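# Reading the structure
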Amino acid sequence: MKDQDPNPLPAEAKAEIVPARRGGISWAWLFPILALVATTWLYWNNWKASGPEITICFDAAPGIEPAKTELIYRGVKAGEVESVALDEHIGKVIVTVRLKKFAESLARVNTDFWINQPVISLRDISGLQSIIEGNSIHARSHGGTAVQYLFQGLPEAPLAPMVNQAILLNLRSPAISYIGRGTPVYHRGIKVGLVRTKIFDRSGQPVVEIGVAGEFASKVRTNSRFWILPAAAVSVSPGAVSLNIPSIEGVLDGGIAFDQFGPDGTEATNGATFDLAPGEFAARAEGPLLVIEFEDCAGLRAGESPVTYRGKSVGLLESLTVNPQTGRVEASVRLEAAYAPLATEDSSFTLVRPHFSKKGLQGLDTIVTGSRIEFEPGKSQMAATQFAGHEVRQFDWNPFEDDAGSTRVVLWAESLPQLTAGAPVYYHGMIAGRVNESRIGENGRPEMVVSVGPKFREYLRVNSRFWRVPAALVSVGPGVVGVEMQGLSAIWQGGVAFDAIGTPGPVAPEETAFELHVSELAAAAISEPVRINFADGQGLLAGKTELKYLGVPVGIVERVRPVAGKIEATVRFQPGYEFLTRKGSGFTLVKPEVGLQGVKGIETLVGGIYIECTPGSGTESAETFEAVPEAMPALLKDTGVEIVLESPSTRVSAGAPISYNHTEVGTVVGKTLSPDGRQIRLTARIRQEYSSLLSSNSVFWADNAIEGKIWFFKVTFDRPELVAPNGRVGFYTPAGAGGPASPGQVFPLLAKQPRNTPQ
Amino acid sequence: MTDQTRMSLTKGLVAAGLVLYIPANVLPVMTIVIAGQVSDLTVLGGVEEFAQSGLMGAAGLIFLASIVVPFLKLLSLCWLLMLHGSDRMRPQRMKALRILHQIGTWSMIDIFLLSVLAAVGQLGILASVVPRPGAVFFAAVLLCTLFAAEIYQPRMIWRPQRAL
């Protein structure tokens, strides 16, 4: 048997077989204990983090879901909705919220709760995240101390979700148009509060309730005046049109502003009532009501027409009524507090309206701003409230009547501008006369009769030129868009201007006929006509397209017509620029050009295309020129070393830049075939300052490739038209031997950049 | 490992599995954020979600694989342990253990799916899937049953009681 060991162990090694000890706890029970500990710890942790349960009553609880909707306080999740139910009368929604431990202090009196919903209005966009995340309940704490668990939810989000230390004020106004909840309230340009509601008071008058933030509450005084800020105020005065926008949010619905104009009153109390004036002037005008009688009130507008004192606005016309007994108009005005004492017995009020007379125009500003009442204080000390108004008598001015001493001249044009009688005639910016009438002349041409005042008689010469002044001149240059207005009267109709160009001739006699040019530039261009032939005359406009020399307008295109497959533009220059008609002068049409190399002629997008001139070196002048293709003006100015590049085939053509280490050092100026026709010869010009780079061992290559990386693959495009319109030439001179290159030396043009040159 | 240690280990693991089974089903397994809508899903919640969207097949599958099967595994292990040492229903017990082994191969599929979902379902603000503590408990339940079924050897069914 196996038990009978052939090599019995020593007696001490013999062990007794003992049955396994039973009843001991196995370490395997560690698993369930660990599981229990983990579970308990998790539950205990959860329980520890949860705070008290609060109940909030809402009128409606859209989008509130148990176990999903969160309670947000200062942007942090402070609790979760546990249940949503209706009360027994189904009149309220009862929402129970389990607060987090750290948000326990929200369960205090005066805490506000509201449902955050997306609000998208012109004024504000709020609760945007609720579109994505669903509605949530928001809270605002007011630092109450007493514990409370039942709350009444706010029907809508408060205007200031963080703080609520505001004073409330009521503003009365007969009409409150565009003001609404959330409209800003400004004090001296600073936003200090918001409109809360628009309601009716007990007497049925609309009242705006505004809240002014606590820190600004002291700015509201008992004598503060409130007024409505219009959405955008445009004020027009002679020489200035200003657009006044309170702020971007004010653009949409204006605002309310307040300030006090008299001495400082005492601090206003919470709930105080004020009047809301329709505008700042109305708010400023707080003196006693003055009544002025006028014969008629044409042009006056209640609530808008100002009372001025030496041009300064000091009061406002409040209302206009017609007295049925006297048949006269009674204008009620109020003056600003500071000027109210000046209204004494012998003060005078004059109605100012637009007024034309032989001597000139008066009250011209009132055409735009409306009539006004000019106030002149008296010397008496006796205050008065009733006044008889004066009127500046309206003058019957006949524009067709001859002004004494003025000279009448006739202007003719193919088509006359729309100028009415009375439009101004300018001489060096001064009004020298006016347009009298427009008519069809004897030869069927439209004519315009203008009269020039006696003072300006001697400046009207036989060689004077007349041109139209547009209503608003817009001058455009690279980086400049300027608007120039020729006086107020020209805003709506423009005028006519004249000047003697060149040496003044004898004084023009009466009834001289002049041509009316379309613009000053056209009038000033008096040189002999020059014809320029363009291969492509796209964009050329007779009377519009300008000629520029170094960016300065020097002439104008007078006529454009196709001649033998080309476009012939007849141009004239201003005096002093005749040198541009010398033989060899270059003319290039400048158009906007967008390429990888950059953007050129961008100003022409706004200002229109123009012709760039380059003076020639010849001595005698020519009458006909061939336009130079683009990019040539630069070459024409360049001087430098000319060399010849030879290549069996290349796409590089005239105008291609030559660059040395990414710097442009010259240009290809010509492309010809070699005498045997096998080679293409490019004439290249290296600029003088870079001619030292040129050496007899210089290398040239057609640099037409665009290199890019797609992922980690290098990609090369050989598309010269992408690189530059005419291709590009690279050039490098290796260090070392090589004598200076001689002008006219022939170099081979390699098809690719050699490897031993810097990239 | 003696059969005795095997036995007590199996008992301990089954007990731990039973304890962990509760939080595994009560706690959310994952948080799905779809277009900002945050939803915590428990295993049962997931089944409900599928059922509500009309995918009854998927709902049934998940219910079976994630709730019924682990529960049945725990139950049958308990049954095996209860009858341990007796000579009753030995062939049935044998069969049950075999089924347990076979199912065990697939039991981690839920966790695997969840980890794939959490890794793939990261679509920025559009959608994201975040595993939650419930998944750990769920995995722990599965591990417990898996090891218990592995450790409890078929021969222990056939062993006479006195040997223990």
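Every chain begins its residue count from 1, and numbering advances along the sequence as written. Written order decides the labels, with chains lettered from A and ligands numbered from 1. Under the rules for a predicted model, residues below a pLDDT of 70 receive no local features and side-chain atom pairs below 80 are neither given nor counted, while totals for whole chains, interfaces and linings still include all residues.

### Focus on the overall build of chain B
- Helix numbers and strand numbers start at the N terminus; a helix is a DSSP run of H or I with at least 4 residues, a strand a run of E with at least 2. The number of helices and strands found in chain B is seven helices and three strands.
- Along the chain direction, N to C, the helices and strands of chain B fall in the order α-β-β-α-α-α-α-β-α-α.
- Going through the 164 residues of chain B one by one, you find that 32% of them count as buried.
- Partitioning the contacts of chain B with sequence separation of at least 6, the portion at a separation of at least 24 is 73%. Here a residue counts as buried when 20 or more other C-beta atoms fall within 10 Å of its C-beta, as exposed when 12 or fewer do, and as partly exposed in between; the C-beta atoms come from the backbone. Residues are treated as contacting if the C-beta atoms built from their backbones sit within 7 Å of each other.

### Quick look at the overall build of chain A
- When you go through chain A residue by residue, the secondary structure sums to 10 helices and 54 strands.
- Buried residues in chain A amount to 28% of all 759 residues.
- Long-range pairs, those at least 24 residues apart, make up 69% of the contacts in chain A with a sequence separation of at least 6.

### Considering helix H2 (residues 43-52) of chain B
All names here are of chain B.
- Among all positions in H2, only Val 43, Gly 46 and Val 47 are buried. Looking down the long axis of H2, one finds its buried residues gathered within 100° of arc, a one-sided arrangement.
- Positive phi appears at Gly 54, one or two residues downstream of H2, with a value of about 90°. It is the directions from the helix axis to the C-beta atoms whose arc is reported.

### Notes on the interface of chain A and chain B
- Contacts between the two partners involve 15 residues from chain A, matched on the other side by 16 residues from chain B.
- Elements with a contribution of two residues or more to the side of chain A that touches chain B: helix H1 (30-49) and helix H2 (128-133) of chain A.
- The element contributing the most residues to the side of chain A that touches chain B is H1(A), with eight residues.
- Tallied by class, the residues present in the side of chain A that touches chain B amount to 11 nonpolar, three polar and one charged. Ten residue types, Ala, Val, Leu, Ile, Met, Phe, Trp, Tyr, Cys and Pro, are classed as nonpolar, four, Asp, Glu, Lys and Arg, as charged, and the remainder, Gly among them, as polar.

### Here we look at the pairing of strand S38 (residues 546-549) of chain A
Residues and elements named next belong to chain A.
- We call two strands paired when DSSP finds no fewer than two bridges between them. Summarising the sheet, S38 and strand S39 (residues 552-563) pair through four bridges and their orientation is antiparallel. Each residue of the ladder has a partner; that of Lys 548, found in S39, is Pro 553.
- Linking S38 back to S39 in an antiparallel pair, the connection comprises two residues, with Leu 550 at a positive phi of about 55°.
- Bridging between S38 and strand S44 (residues 610-614) involves three bridges; their strand directions are parallel. Within S44, the residue paired with Lys 548 across the bridge is Glu 612.

### Topic: the sheet that holds strand S41 (residues 586-590) of chain A
All names here are of chain A.
- Pairing in this open sheet of seven strands is mixed, and the strands run S41-S44-S38-S39-S40-S37-S45 from one edge to the other. The open sheet has two free edges, formed respectively by S41 and strand S45 (624-626), since each of these has just one partner strand. On average, each strand axis in the sheet is inclined to that of its neighbour by 35°, with strand direction left out of account.
- By the bridge criterion, eight bridges tie S39 to strand S40 (residues 566-573) in an arrangement that is antiparallel. Looking at the pairing, Ile 556 lines up with Arg 572 of S40. Only C-alpha atoms enter the line fits that serve as axes; for helices the fit covers just the stretch in contact. Angles between N-to-C directions range over 0 to 180 degrees.

### Quick look at the confidence of the model for chain A
All names here are of chain A.
- Predicted confidence across chain A gives a mean pLDDT of 75, with 76% of residues reaching 70 or more.
- Known as pLDDT, the predictor's per-residue confidence is scaled from 0 to 100. Across chain A, strand S4 (residues 93-100) holds the top mean pLDDT of 90, while strand S34 (residues 480-485) sits lowest at 45.
- Taken as a whole, residues 393-402 scores under 50 in pLDDT and shows 15 contacts with residues more than four places along the chain or in a different chain.

### Regarding the sheet that holds strand S2 (residues 70-73) of chain A
All names here are of chain A.
- The strand order across the open sheet formed by seven strands is S5-S8-S2-S3-S4-S1-S9, and the pairing between neighbours is mixed. With partners counted over all chains shown, the strands left at the sheet margins are strand S5 (112-116) and strand S9 (150-152), one partner each. Here the strands of the sheet are splayed against their neighbours by 30° on average, with no regard to which way each runs.
- Two elements, S2 and strand S3 (residues 76-86), share four bridges in a ladder whose sense is antiparallel. Residue pairing in the sheet places Ile 72 in a bridge with Lys 77 of S3.

### Considerations on the nonpolar core
Residue and element names in this part refer to chain A.
- For this entry, the nonpolar core is defined as buried Ala, Val, Leu, Ile, Met, Phe, Trp, Tyr and Cys residues connected by C-beta atoms within 7 Å. The biggest cluster of nonpolar side chains holds 46 residues, and the ones touching the most others in it are Ile 210, Phe 226, Ile 256 and Val 333.
- These domain boundaries are the output of an automatic or database domain assignment. The two domains that each donate at least three residues to this core are domain 2 (166-278) and domain 3 (282-391).
- Look past the residues within four positions of Ile 210 in its chain and what remains in contact with it is Leu 169, Leu 171, Val 185, Gly 193, Leu 194, Val 195, Arg 196 and Ile 256.

### Topic: the packing of helix H3 (residues 56-82) of chain B against helix H4 (residues 90-104) of chain B
Residues and elements named next belong to chain B.
- One way to put it is that H3 packs onto H4 with a least axis distance of 11 Å and a crossing angle of 145°. For the pair H3 and H4, the sense of crossing is left-handed. For the pair formed by H3 and H4, the contact residues are Val 69, Lys 73, Ser 76 and Leu 80 on the first element and Arg 93, Ala 96, Leu 97, Leu 100 and Ile 103 on the second.
- The class makeup of the residues in the contact of H3 with H4 is six nonpolar, one polar and two charged. Take the far helix as the reference: if the near one is turned anticlockwise from it by less than a right angle, the crossing is left-handed, and if turned clockwise, right-handed.

### A look at the pairing of strand S14 (residues 225-229) of chain A
Residue and element names in this part refer to chain A.
- Of all the five residues making up S14, five are buried; the element is thus mostly covered by neighbouring parts of the structure.
- Strand direction decides the pairing type here: S14 and strand S18 (residues 273-277), joined by two bridges, are parallel. Residue pairing for S18: Phe 226 is matched across the bridge by Leu 276.

### Here we look at the confidence of the model for chain B
Residue and element names in this part refer to chain B.
- With 94% of its residues at a pLDDT of 70 or more, chain B shows a mean pLDDT of 83.
- Mean pLDDT in chain B bottoms out at strand S2 (residues 37-41), which sits at 75, and peaks at helix H6 (residues 133-151), which reaches 89.
- The ipTM value of the predicted complex is 0.80, and its pTM value is 0.40.

### Notes on the environment of Asn223(A)
Residue and element names in this part refer to chain A.
- Examined against the element boundaries, Asn 223 turns out to sit in the loop between strand S13 (206-213) and S14.
- A residue is classified by how many C-beta atoms lie within 10 Å of it, and Asn 223, with 15 of them, is partly exposed.
- Note: C-alpha distance between Asn 223 and Phe 274 (51 residues apart in sequence) is 8.8 Å.
- In contact with Asn 223, not counting residues within four places along its chain, are Gln 260, Gly 262 and Gly 265.

### A closer look at unusual backbone geometry
- At Arg74(A), a position not held by glycine, the phi torsion is positive, near 50°.
- Even without being glycine, Met89(B) reaches a positive phi, approximately 50°.
- With respect to the helices and strands, the residue Met89(B) is situated in the loop between H3 and H4.

### A few points about the environment of Ile32(B)
All names here are of chain B.
- Along the chain, the position of Ile 32 falls in strand S1 (residues 30-34).
- Through-space distance from the C-alpha of Ile 32 to that of Pro 131 is 8.7 Å; in sequence the pair is 99 residues apart.
- When sequence neighbours within four positions are dropped, the list of residues in contact with Ile 32 reads Ser 39, Leu 41 and Val 129.

### Let's talk about the environment of Gly670(A)
Residue and element names in this part refer to chain A.
- Structurally, Gly 670 can be placed in strand S48 (residues 663-673).
- Here Gly 670 falls in the partly exposed class, since 15 other C-beta atoms lie within 10 Å of it.
- Excluding residues that lie within four positions of it along the chain, Gly 670 makes contacts with Ala 654, Leu 682 and Thr 683.

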